[in-house]
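# Fold and contact review
One-letter residues, chain by chain:
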Amino acid sequence: MRSEMGQGSLTGLAQLVAEELDCDWSRVTTEFPTPGENLARNRVWGESNTTGSRAIRESHEYVRKAGATARMMLIQAAANAWNVPASECSATNGVITHQSSGRSVSYGKVADAAAKLTPPSDVVLKSTKDWKIAGKPLKRLDTPEKIVGETKYGIDIRLPGMLYAAISACPVFGGTLKIYDEAKARGMPGVKHVVRVGDDAVAVVADSWWRAKTALEAVPVVWDEGTNAKVSSATIADFLKEGLDSDQAIVGNQVGDVQTALAGAAKVVEALYAFPYRIHATMEPMNATALFMSDRCEVWAPTQNAEDSLKAAAQAAGLPLEKCDLHKTFVGGGFGRRGAPTDYVRQAVTVAKAMPGTPIKLLWSREEDTTHDSYHPISQCRMRAALDADNKLIGLHVRIAGQSILATVNPARMQNGKDPLAFQSLNPGGAEGAFGYNVPNLLIDHAMRNPHVPAGFWRGVNSNQNAFYIECFIDEVAHAVGDDPLAFRLKYLKPKYAAVLKAAAEKAGYGTPAPQGIYRGIAQVMANGSYVAACAEVSVDKGQVKVHRVVGATNCGHAVNPEQIARQVEGSIVYGLSSLLYGECTVHDGRIEQTNFDTWEVMRLDAMPKVETVVMPDGEFWGGVGEPTISVAAPAVLNAIFAATGKRIRTVPIKDIDLSAA
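Residues numbered from 1 in each chain as written. Predicted model: local features only at pLDDT ≥ 70, side-chain atom pairs only at ≥ 80, totals over all residues. Heavy atoms only, no water.

Another point: the environment of Pro171. As for its position among the elements, Pro171 is in the loop between strand S4 (163-169) and strand S5 (176-180). Here Pro171 falls in the buried class, since its relative accessible area comes to 19%. Each C-alpha atom of the pair Pro171 and Met188 lies 25 Å from the other, and the pair is 17 residues apart in sequence. Here Pro171 is in contact with Trp223, Glu225, His372, Gly590 and Arg591, once residues within four sequence places are set aside. (Helix = DSSP H or I, 4+ residues; strand = E, 2+ residues; numbered from the N terminus. Buried < 20%, exposed > 50% of the residue type's maximum accessible area, 1.4 Å probe, protein only. Contact = heavy atoms within 4.5 Å.)

See below:
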């Protein structure tokens, strides 16, 4: 049920099933069940949410048990046919063998009989040391079709009689559609319908998407932009800054008495950091194809959460879940945007409902996609470190003033006014994202401030800014006391955090002289259940930064496909550095100013550094892979820039910052 959007989960999950099934890997193929099928079968395939790097770490047990259960049932079916004990039979590469007689039979020949058996109640899974398929760097199953262009993404769906829809929503979030004149579009070539979508958007349906888009641009529209049209990046910054000084904040992590520690400190180091809005910029824009009939609704969509998308489709159709289904396609980039919200699915069904019996493909323009995203939350952070006379870190106060994702997309998950996701990588404990430093007096709190621009899940989520804040500030503290950044961290880091940091530093040659003009920076974090670290090598020439090399170390507990882990580390570095160098959305007159890739830059191939990976699973837990390393890319590079220039950068991106050496 998990989605495949380039992260390789489809192959990894198949490896786990095939390992326990003892089948022939060369004959393994995959397909997506629909959420409707899953619900009808009591969710036998588990949940479909593919966010938070959880596809393998939260599916591994039941998919392995499924493979082992199937293997045992197949063996039992063969044993029954031979009238021998199942304990005398074994399976390898999809063939069952009776050891004493030498008889053998393929899985396929006993599959029907096996399906009639009662599944065993006790299933023993293999030890990882016995893995032959899982744990190996196998080639991805989805690569061949992608190379020849056969892979079907949502944007590729074609149905008989299908029409196309383009949509435009109010450019100011919270605004509404006041008046529109569809007459000008009605007579244009290929136009079939003009549809009001909710209270804030209008769509045009035509026999091609370009004709729909062209007609939509000709429709005179008057928006009621409301008071949010007065909001700008400057007013949002002031709003957040007020939260830094507020006496009202939600505590996420507290140890000892940080105020007393600060008051009695021999030295206090203080800094203010800020993090901007960011878009997802998926290469495949938002789209969904819907077919509505009076008693049935079907949707084809690239989604990260098929069950939530099915629910959204049913609500928009006004039909019960069992009368609807969603066909999941490959996803041309998700990064959290295709998890929540499910706005594009609702819109597609709403338009299709206006034309029953006709399949409608809704496709957002790049401009619509850029200006109507659910953005990485904006925030500011003030940090104060207390040091004693021996330069030991005795206290740390981290005050974050910023936006809540859950308040936007899922208020039901709020906990008495607290957004637990705001403390990703800063938590006091737990398996998801715990704070790595032992500090005797600690206070990490969050003053929630929600501007009108909607926040959403963005690859790496809140670990991105939290790692940026902590790891750059810890670097500041180390330099303030004249200590080496690695040595200083190792005095306070817990063992697993220290291990990945030391591994990255050792691989990069930290502690040995770097090439002339090259400077190093480090960072570590626990995110999405894994421990990661990075060591970056950069140079700064005439104010221009060049990232030459990044070494990323990952302890994700279990490595289902080490090569795929390395690729995800490399992809994470791309994502993290692209945002560090260029990524920022600004607000003017209540709307996002960036509209396409001409105003939202991404990293080009010539700027990409060499990436080396250290995959070091300890076998003690199951962690995520697709997101964690993003969080350490930026702080490692920023700390290296400080080493090169003596300038501390506390806001990102760095494209407009003067990096001339001090």
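So, on to the pairing of strand S12 (residues 296-301). The buried count for S12 comes to 5 of 6 residues, which makes it a mostly enclosed element. Note: strand S11 (residues 287-293) against S12, 5 bridges, orientation antiparallel. Bridge assignment links Ala290 to a residue of S12, and that residue is Val299. Where S12 lies against strand S13 (residues 324-328), 5 bridges are found, and the strand directions are parallel. The residue bridging Glu298 from the neighbouring strand is Asp325, located in S13. (Pairing = 2+ DSSP bridges.)

It is worth spelling out the packing of helix H10 (residues 306-317) against helix H11 (residues 343-353) at this point. Where H10 meets H11, the axes come as close as 8 Å, and the angle between the chain directions of the two elements is 30 degrees. Along this stretch, H10 crosses H11, giving a crossing that reads as right-handed. Of the residues in H11, those in contact with Ser309, Ala312, Ala313, Gln315, Ala316 and Ala317 of H10 are Tyr344, Val345, Arg346, Val349, Thr350 and Lys353. Here the contact of H10 with H11 is built from residues that sort into 7 nonpolar, 3 polar and 2 charged. (Axes fitted to C-alpha atoms, helices over the stretch in contact; angles between N-to-C directions. Left-handed = near helix turned anticlockwise from the far one by under 90°. Nonpolar A, V, L, I, M, F, W, Y, C, P; charged D, E, K, R; others polar.)

With that out of the way, let us pick up the pattern of salt bridges. This model, assessed by the stated rule, comprises 39 salt bridges. A salt bridge links Asp130 to Lys129, with the nearest nitrogen and oxygen atoms 3.6 Å apart. Its relative accessible area of 38% is what places Asp130 among the partly exposed residues. Take Lys129: its relative accessible area is 68%, and that puts it in the exposed class. A salt bridge links Lys610 to Glu612; its shortest N-O distance comes to 3.5 Å. Within this structure, Arg520, Glu537, Arg549, Lys610 and Glu612 form a network of salt bridges that share partners. (Salt bridge = Lys/Arg side-chain N within 4 Å of Asp/Glu carboxyl O.)

Glancing now at the nonpolar core. Formed by 86 residues in total, the largest nonpolar core has its most connected members in Phe435, Phe473 and Leu638. Tallying contributions element by element places helix H14 (residues 463-480) first for this core, with 9 residues. The contacts of Phe435, once residues within four sequence positions are left out, are Asn253, Leu396, Ser425, Leu426, Asn427, Leu442, Ile444, Ile470, Lys494 and Tyr497. Grouped together as the second largest cluster of nonpolar side chains are 37 residues, Ala169, Ala317, Cys324 and Ala352 included. (Core = buried A, V, L, I, M, F, W, Y, C linked by side-chain atoms within 4.5 Å.)

So, on to the sheet that holds strand S23 (residues 610-615). An order of S18-S19-S20-S23 is seen for the 4 strands of this open sheet, with the pairing classed as mixed. Of all strands in the sheet, those bounded by a partner on one side alone are strand S18 (519-527) and S23. Each neighbouring strand pair of the sheet contributes to a mean axis angle of 20 degrees, computed without reference to strand direction. Pairing between S18 and strand S19 (residues 530-541): 9 bridges, direction antiparallel. Counterpart to Ala527 in the pairing with S19 is Ser530.

Take the layout of surface pockets next. Reported here for the second largest pocket is a volume of approximately 1000 Å³. Lining the second largest pocket we find 28 residues, and of these Val17, Glu31, Trp45, Val63 and Ala66 sit closest to its centre. The set of elements that each furnish at least two residues to the lining of the second largest pocket consists of helix H1 (9-21) and helix H3 (60-82). If you tally residues by element for the lining of the second largest pocket, the top one is H3, at 7 residues. (1 Å grid on protein atoms, 1.4 Å probe; cavity = no way out; pocket = protein on both sides within 12 Å on 5 of 7 lines; lining within 4 Å. Points joined across faces, edges and corners; volume = space filled by probe spheres on them.)

For the peptide bond that leads from Ala340 to Pro341, omega is 5 degrees, which places it in the cis range. Position of Pro341 among the secondary structure elements: in the loop between S13 and H11. Non-glycine residue Phe335 carries a positive phi angle of around 55 degrees. Structurally, the position occupied by Phe335 is in the loop between S13 and H11. Among the residues examined, Phe335 registers a relative accessible area of 24% and is labelled partly exposed.

For the rest of this paragraph, the subject is the side chain of Gln380. Relative to the assigned elements, Gln380 resides in strand S15 (residues 379-387). In terms of polar contacts, Gln380 uses its side chain to reach the backbone carbonyl oxygen of Ala237, at 3.1 Å. With residues near it in sequence (within four places) discarded, Gln380 still touches Ala237, Leu240, Lys241, Leu244, Leu272, Tyr273, Ala274, Arg399, Ile400, Ala401 and Tyr469. (Polar contact = N/O pair within 3.5 Å; in protein donor to acceptor, adjacent residues only side chain to side chain.)

Here we come to the pairing of S11. As a general feature of sheets, a regular strand has side chains that alternate between the two faces. Summarising burial for S11: 6 of the 7 residues are buried, a large majority. Examined bridge by bridge, S11 and strand S14 (residues 360-363) share 4 bridges and lie antiparallel to one another. Bridge pairing in S14 places Thr289 opposite Lys361. Between the antiparallel neighbours S11 and S12 lie 2 residues.

Mapped onto the elements of the fold, Phe488 is located in helix H15 (residues 485-490). With 110 residues separating them in the primary sequence, Phe488 and Asp598 have C-alpha atoms 42 Å apart.

Our next topic: H1. Taking 1.5 Å of rise per residue, 13 residues should cover 18 Å, and H1 covers 18 Å from first to last C-alpha, within 8% of that figure. In terms of burial, H1 is a largely internal element, 12 of the 13 residues being buried. Among the residues of H1, those classed as buried are Ser9, Leu10, Thr11, Gly12, Leu13, Ala14, Gln15, Leu16, Ala18, Glu19, Glu20 and Leu21. Following H1 by one or two positions, Asp22 adopts a phi angle in the positive range, close to 55 degrees. (Expected span 1.5 Å × (residues − 1).)

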